[in-house]
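Chains, contacts and geometry: an overview
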Amino acid sequence: MSYGTQLARYPSPLLIFGALMSPEHPLLESLPAMRPLVRESWQRSLDALATLSGLNPPAVWESRELQDFRRDHPLAAIMPVITKLLVEPSHDTGLLIAVGDEHGRLLWVEGDSAARRNGEGINFATGADWSEPVVGTSAPGTALVLGKSVQIVGHEHFNPAVHSWSCTAVPLHDPDSGAVLGVVDITGGAEAVGANTLSLVQASVAAAEAQLRIERLERRAEQERRTWFSSSAGAGSASRAIATSTGAKKPLYRDSLQILGRDQGLLHVAGQAVTLSERHTEIMAMLALHPDGLSAEELTDKVYPEGTSLTSIRAEMVRLRKLLRGAAPTLVPESRPYRLPRALVVDAEQVRNYLDRGAHRLALKIYRGEVMPRSLAPAIEAIRHRVAVQLREAILADASPDALLGYLLLPEAADDVEAWRTALRLLPPRSPKRAAVVAHLEALEG
């Protein structure tokens, strides 16, 4: 029996939902034709979706909001490459080319005009959310959960409305940090999962990542040249030249703040890294996590011990602004309330977002340790506890054996007897990794 014939015999998710209400039902084990990757995705979909009525992908942005978001996203820089390698050859082929952000929200959907009209019938369109927790198994959403290339064929889609479509998706990574920036997808009929389609998309993504790296290097070289010119020819005219030449350029980075496993935060802005003091890290983290802003009283309560005068936060903000004017002028905080002028991604929040989507491997990849381990700031202590607990619970409850073993490498898991016992239970009886787990458990319990 061919794989396609087996796929046609899949029961619908609606039948599975009903069957799962019975405690005797063996979950998805009765579907031998289903690939393990798809079976696990369906299980995550069943866990995340309480009903099938909401599987139609929701629109996240209005047209103007979408245009603004696309313009400010680093993926805009790679669209010329994707257009040249994938979009232009796709005309009159029945294929769609989609580029989504790291959350599975489609920013661009291009390609065959007839296919685009058909795609609108399932809301495979710009601005729609195709993440796995929202629509179930699909190549874009599942590729982001797993952090690797995925092909989904017809009936493997969780949503019955998508069973006539097939798709191939490949995550696109930041060439500097390795973090996921988004996903590139080809959607259509059987040709969308053809023998050469996966290699084509992977090669296109590699070319896009290389182009992003080249543009960043060129931008840095230009900044260095203009910095030299500034010091040689006078700051005033050079500063105006820099602003004129770089102000309208497309963004190549997501501004970010690393606070995992370190007490002095690492601020990444426009390709430059700035190390912050512990107090400045605490303040920037709070402002990043509260984009609507915080009053002086609220910020003091989150950063300082109870009873601290407002004079302390005001003086610290003066010093922080002075630092950022020189090192990161686009992130100098505004006043009344204190807030950042643009979005700043915090790695601890990325971990939580990945865990919410079931992307355990991606969460572990960027989890470098506890949030600011030595900080005594009340809000930082709360975040530290929240992230650590959420990570542990997610890994122990749902992760694969490999993800769990990765978690056990963290210092905070060294004495976690329950986690080590869970690993021993999940590992196959003949796994060569069992010996190390048994030895560690004996040391803990001996």
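Structure shown above.
Here is a short report on the structure shown in this document. (Residues numbered from 1 in each chain as written. Predicted model: local features only at pLDDT ≥ 70, side-chain atom pairs only at ≥ 80, totals over all residues. Heavy atoms only, no water.)

The gaps of empty space that remain are located by a probe, the size of a water molecule, rolled over the atoms. Throughout the structure, instances matching the rule amount to 2 cavities of 30 Å³ or more. If you add up the space inside the largest cavity, you get close to 50 Å³. Taken together, Ile122, Phe124, Trp130, Ser138, Pro140, His157, Val162, Trp165, Cys167 and Thr187 form the lining of the largest cavity. A breakdown of the residues in the lining of the largest cavity according to their chemical character gives 7 nonpolar, 3 polar and no charged. Size it by volume and the second largest cavity reaches roughly 30 Å³. Considering the residues around the second largest cavity, the lining is formed by His173, Gly178, Ala179, Val180, Tyr354, Leu362, Lys365 and Ile366. A per-class count over the lining of the second largest cavity returns 5 nonpolar, 2 polar and 1 charged. (1 Å grid on protein atoms, 1.4 Å probe; cavity = no way out; pocket = protein on both sides within 12 Å on 5 of 7 lines; lining within 4 Å. Points joined across faces, edges and corners; volume = space filled by probe spheres on them. Nonpolar A, V, L, I, M, F, W, Y, C, P; charged D, E, K, R; others polar.)

Looking now at the packing of aromatic side chains. By the definition in use, this model includes 2 aromatic pairs. On the numbers, 5.2 Å between centres and 75° between planes, the contact of Phe124 with Trp130 is edge-to-face. Each of the two residues, Phe124 as well as Trp130, counts as buried. In this structure, Arg279 packs its charged tip against the face of Tyr304, placed 4.3 Å from the ring centre. (Phe/Tyr/Trp six-rings, centres within 6.5 Å; stacked < 30°, edge-to-face > 60°. Buried < 20%, exposed > 50% of the residue type's maximum accessible area, 1.4 Å probe, protein only. Lys NZ or Arg CZ within 6 Å of the ring centre and 35° of its normal.)

The next subject is the nonpolar core. Of all hydrophobic cores here, the largest spans 83 residues; its most connected members are Leu267, Met284, Met286, Leu299, Val371 and Tyr407. Among the elements that line this core, the one with the most residues is helix α16 (residues 378-398), at 9 residues. When neighbours within four sequence positions are excluded, Val371 is seen to be in contact with Ile259, Leu260, Ala348, Ile380, Ile383, Arg384 and Val387. In terms of nonpolar packing, the next biggest core, distinct from the first, is built from 26 residues, Trp61, Ile78, Leu181 and Val205 among them. (Core = buried A, V, L, I, M, F, W, Y, C linked by side-chain atoms within 4.5 Å. Helix = DSSP H or I, 4+ residues; strand = E, 2+ residues; numbered from the N terminus. Contact = heavy atoms within 4.5 Å.)

With that settled, consider the side chain of Thr422. Secondary-structure assignment places Thr422 in helix α18 (residues 417-426). Leaving out residues up to four positions away in the same chain, Thr422 has contacts with Leu396 and Leu404.

By themselves, these observations are geometric and do not establish any function.
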